[in-house]
Amino acid sequence: MGDKENAYVLQAAIAKAGYEAEKATIRDIHLKVAPGELVGLIGPNGAGKSTTVKTIMGLMPNVTGKVEIGGRHKRYAYVPEQPVYYEYFTLWEHLRLAASVFGITEAQFASKAERLLEQFRLTEEKHHYPMSFSKGMQQKLMLIIAFLLEPDIYIVDEPFVGLDPRATSDFLSLLQGELDRGAGVLMSTHVLDTAERICRSFVLINQGSIVAQGSLDQVRRDAGCAEDATLSQCFLALT
């Protein structure tokens, strides 16, 4: 495999995708994520962000196009906006299950899981059931599982919802460590000020298609905004 093929941990070329065979929800979505790159997927409600994410993960019934996961293991981790958990599994059992599915050894699992629990201040809750947790604590569980797996690409949907400022800081610190490791991140978010600060590039979607793409300077040009315009100002101009 050549260097060119190794250049991206995610490549998506989606001509069209939708829930019904004759009705496309998104069209002409082309995006790439390189190792160590954080790409922000931005758009108003109903713009097609969720459909794009589902298409990338192979969950849409009607797709014309191609999605490739790259990297060493060709593995992705998905962090949903709404936490998903088993009602009768403790926090620790959730982590152990994820580790076993991905072939993580017991020695590797225990040390890393304990470290992540301490980082997110959930050590005392390790044997409790997530159904009793707050939304923020449940979201931390989703993040811990993702970081435990060390994938080639993270696909993260509204990660800041429900997180307090300290948990947000912990999340961003861990995310930066993963970027330094060479993982890529595709992050769908409405928190535009944070996205502007942490993302290297952006994909803005409106009405099912990309309306701007690239660095913030490129987005400004696409939006016809001033050189010092914020991402939020560009978002409003484009949507």
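Structural notes, computed from the coordinates. Bear in mind the structure is a predicted one, so any value in this text is a computation, not a measurement. (Residues numbered from 1 in each chain as written. Predicted model: local features only at pLDDT ≥ 70, side-chain atom pairs only at ≥ 80, totals over all residues. Heavy atoms only, no water.)

It is worth spelling out the pairing of strand E8 (residues 201-206) at this point. Of all the six residues making up E8, six are buried; the element is thus mostly covered by neighbouring parts of the structure. Burial along E8 is two-sided: the face carrying Ser201, Val203 and Ile205 and the face carrying Phe202, Leu204 and Asn206 are both buried. Bridge analysis of strand E3 (residues 38-42) against E8 gives four bridges, and the strand direction is parallel. Across the sheet, glycine 40 pairs through a bridge with phenylalanine 202, a residue of E8. As defined by bridge partners, E8 adjoins strand E9 (residues 209-214) across five bridges and the pair is classed as antiparallel. Each residue of the ladder has a partner; that of valine 203, found in E9, is glutamine 213. Counting the residues that bridge the hairpin from E8 to E9 gives two residues, and of these glutamine 207 lies at a positive phi of roughly 55°. (Buried < 20%, exposed > 50% of the residue type's maximum accessible area, 1.4 Å probe, protein only. Helix = DSSP H or I, 4+ residues; strand = E, 2+ residues; numbered from the N terminus. Pairing = 2+ DSSP bridges.)

Let's shift gears to the sheet that holds E3. Taken together, six strands build an open sheet; the order of strands is E5-E6-E7-E3-E8-E9 and the sheet is mixed. If you trace the sheet from one side to the other, it starts and ends with strand E5 (76-79) and E9, each paired once. In this sheet, neighbouring strand axes are inclined to one another by 15° on average, regardless of whether the strands run parallel or antiparallel. As paired strands, E3 and strand E7 (residues 184-188) are joined by four bridges and run parallel to one another. Among the inter-strand pairings, valine 39 is bridged to a residue of E7, identified as leucine 186. The sheet strands contacting helix H1 (residues 49-56) are E3, E5, strand E6 (153-157), E7 and E8, and the helix crosses E3 at an angle near 130°. Contacts from helix H8 (residues 231-238) reach E3, E8 and E9 within the one sheet, and its direction differs from that of E8 by about 25°. (Axes fitted to C-alpha atoms, helices over the stretch in contact; angles between N-to-C directions. Contact = heavy atoms within 4.5 Å.)

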